[in-house]
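Secondary and tertiary structure notes
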Amino acid sequence: MPVYSMTGYASGQQSLAAAAPGHDARAPAQGRLGLEIRSVNSRFLDLSLRLSEDLRQHEPALRELLQARLKRGKVELRAGLESAQAEAVREPTARLLQRLAAMQDTVRGWLPDARALSVADVLRLGAGEEAPHADPGPALLQLARQAADDLVAAREREGARLATMLLGHLEQLRALAEQAAPLVPQLVEQQRARFLERWNEAMGLADGAATPEAAQDRALTEATAFAIRIDVAEELTRLAAHLDEIERLIRKGGEIGKRLDFLIQELHREANTLGSKSAALELTRISVDMKVLVEQMREQVQNIE
């Protein structure tokens, strides 16, 4: 299965007349539907629908459609219906204006308090009675399905890009772990030699107050304690296991965002422990580089469905 991002955008427009069942395709369009869907990351599926008044009755069907296609993300859908008559204003003829004036005089003769005709009234009456619109429901749902398909495709493309970036970060983390693994035995051996040297110097100053065997045993004990304190083999083992699991999830795909987020937290914990146990500048540098990579992965994972 592919990896899906929660970020995407899709839009579309459709003639209402062309979408109406049984409508004559040669007839002028009665209106145009416009729809757009945009989504960003969110912990859950958060739907927000902004519909014009004449489309609001179709909100339940639109919600059901989106819930069937999307699992996570803050999703906003906007849709509106623009009348074709709004794009063209007919200029009233002189004959029409004479008729409207005569009708107004007749009406006000009987109803003196009647409001005079406004310019908008004249234009509306001159355009004639607006032809009834076809039901926008089928066209709206058809347009919404197409836009939802386009949105899912956009989220899939962005998810593929994120997956490639994450896999690249995994390889860099593995390379850093390989650099850190041989440093610990070297540090332990250096510390052991340093303890023995110090104890030998102390024995020379003590004039035989302690036996060489006891001094050597004390030095070895100190070196062993130091080795236990700086041993990061367990952290590196857990880190490698987390990296393998993250790669397995990415290659599997699907709804993996929340599990990846948990594993990223575990990676950050291991990188922190590695830094706290550091007894060498090189190991500290490796820990810092790991935490930078993990933080970059955290930002990317936040956007995966």
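About the thresholds
- Residues numbered from 1 in each chain as written.
- Predicted model: local features only at pLDDT ≥ 70, side-chain atom pairs only at ≥ 80, totals over all residues.
- Heavy atoms only, no water.
- Helix = DSSP H or I, 4+ residues; strand = E, 2+ residues; numbered from the N terminus.
- Buried < 20%, exposed > 50% of the residue type's maximum accessible area, 1.4 Å probe, protein only.
- Areas by Shrake-Rupley, 256 points an atom, 1.4 Å probe, with all protein chains shown as cover.
- Patch = residues over 30% accessible without salt bridge, like charges linked within 9 Å, V, L, I, M, F, W, Y side chains within 5 Å.
- Salt bridge = Lys/Arg side-chain N within 4 Å of Asp/Glu carboxyl O.
- Core = buried A, V, L, I, M, F, W, Y, C linked by side-chain atoms within 4.5 Å.
- Contact = heavy atoms within 4.5 Å.
- pLDDT = per-residue confidence, 0-100.
- Arc of directions from axis to C-beta.
- Axes fitted to C-alpha atoms, helices over the stretch in contact; angles between N-to-C directions.
- Parallel < 35°, antiparallel > 145°, perpendicular 65-115°, else oblique.
- Left-handed = near helix turned anticlockwise from the far one by under 90°.
- Lys, Arg positive; Asp, Glu negative; His and termini not counted.
- Polar contact = N/O pair within 3.5 Å; in protein donor to acceptor, adjacent residues only side chain to side chain.
- Pairing = 2+ DSSP bridges.
- Nonpolar A, V, L, I, M, F, W, Y, C, P; charged D, E, K, R; others polar.

Counting its secondary structure elements, the protein contains 10 helices and 4 strands. N-terminal to C-terminal, the α/β element order of the protein is β-α-β-β-α-β-α-α-α-α-α-α-α-α. Taking all 305 residues of the protein together, 36% fall into the buried category. As displayed, the protein has an accessible area near 18000 Å², and 53% of this comes from carbon and sulfur atoms.

Let's shift gears to a nonpolar patch on the surface. Together, V107, W110 and L111 make up a nonpolar patch on the protein surface, roughly 390 Å² of accessible area in all. Checked against the element boundaries, V107 lands in helix 3 (residues 94-110). With a relative accessible area of 43%, V107 lands in the partly exposed category.

Here the focus is the nonpolar core. Core analysis: the largest hydrophobic core is formed by 32 residues, its most contacted members being L173, I246, I250, L260, L267, M290 and M297. The set of elements that each furnish at least two residues to this core consists of helix 5 (136-180), helix 8 (233-252), helix 9 (257-276) and helix 10 (281-301). Ranked by the residues each element gives to this core, the list is headed by helix 5, at 9 residues. Within the second largest apolar cluster, 26 residues are counted, among which are Y4, L140, A144 and A147.

Relative to the helices and strands, S287 is located in helix 10. In this structure, S287 is in contact with A271, L274 and G275, ignoring residues within four places of it in sequence.

To continue, consider the confidence of the model for the protein. Put simply, the protein has an average pLDDT of 81, and 73% of its residues get 70 or more. Ignoring residues within four places in sequence, the model shows residues 18-28, a span with pLDDT below 50, making 7 contacts including any to other chains.

Looking now at helix 2 (residues 59-69). Count 3.6 residues to each turn of an α-helix, and residues three or four apart come out pointing the same way. For helix 2, the set of buried residues is L62, L65 and L66. Here the buried residues of helix 2 occupy an arc of 95° about the axis, which is enough to place them on one side. Those residues of helix 2 that are exposed and aimed more than 90 degrees away from the buried face are P60, E64 and A68.

A few words now on the packing of helix 5 against helix 8. Relative orientation of the contacting elements helix 5 and helix 8 amounts to 160°, with a least axis distance of 10 Å. What the angle tells us is that helix 5 and helix 8 run roughly antiparallel. Judged by the twist between their axes, the crossing of helix 5 over helix 8 is left-handed. Every residue of helix 8 that contacts helix 5 at A163, L166, L167, L170, L173, R174, A177 and A180 is listed here: L236, L239, L243, D244, I246, E247, I250 and R251.

What follows deals with the side chain of R72. Residue placement: R72 occurs in the loop between helix 2 and strand 4 (73-83). Here R72 occupies a buried position and makes no salt bridge, while the nearest side chain of opposite charge, D261, is found at 7.0 Å. Of note is the side chain of R72, whose polar atom sits 3.1 Å from the backbone oxygen of S42. In this view, R72 contacts M6, S42, R43, F44, L45, R155, G257, K258, I304 and E305; residues no more than four positions away in its chain are not counted.

Another aspect to go through is the environment of A116. Take A116: it is sitting in the loop between helix 3 and helix 4 (119-126). Taking the C-alpha atoms as reference, A116 lies 9.4 Å from D105; in sequence the two are 11 residues apart. Leave out the neighbours within four places in its chain, and A116 touches Q104, R108 and D121.

It is worth spelling out the pattern of salt bridges at this point. As enumerated under the stated definition, the model contains 20 salt bridges in all. Close ionic contact of R50 with E76 constitutes a salt bridge, the shortest N to O distance being 3.9 Å. With a gap of 26 residues between them, R50 in strand 3 (residues 45-51) and E76 in strand 4 connect regions that are remote in the sequence. E53 is paired through a salt bridge with R56; the nearest N and O atoms lie 3.2 Å apart.

Side chains G31, L33, L35, I37 and S39 of strand 2 (residues 31-40) all project onto a buried face; the interleaved residues R32, G34, E36, R38 and V40 project onto a face where none is buried. Taken together, the 8 bridges between strand 1 (residues 8-15) and strand 2 define a ladder with antiparallel strand orientation. Across the sheet, G12 pairs through a bridge with L35, a residue of strand 2.

All right, on to the packing of helix 5 against helix 10 then. Following both chains from N to C, one finds helix 5 and helix 10 inclined at 165°, their axes separated by 10 Å at the closest point. It follows that helix 5 is roughly antiparallel to helix 10 by the angle criterion. Here the hand of the crossing between helix 5 and helix 10 comes out left-handed. On the side of helix 5, the interface is formed by L162, M165, L166, H169, L170, Q172, L173, L176, A177, Q179 and A180, while helix 10 contributes E282, L283, R285, I286, D289, M290, L293, V294, Q296, M297, Q300 and V301. Taken together, the residues that form the contact of helix 5 with helix 10 break down as 15 nonpolar, 5 polar and 3 charged.

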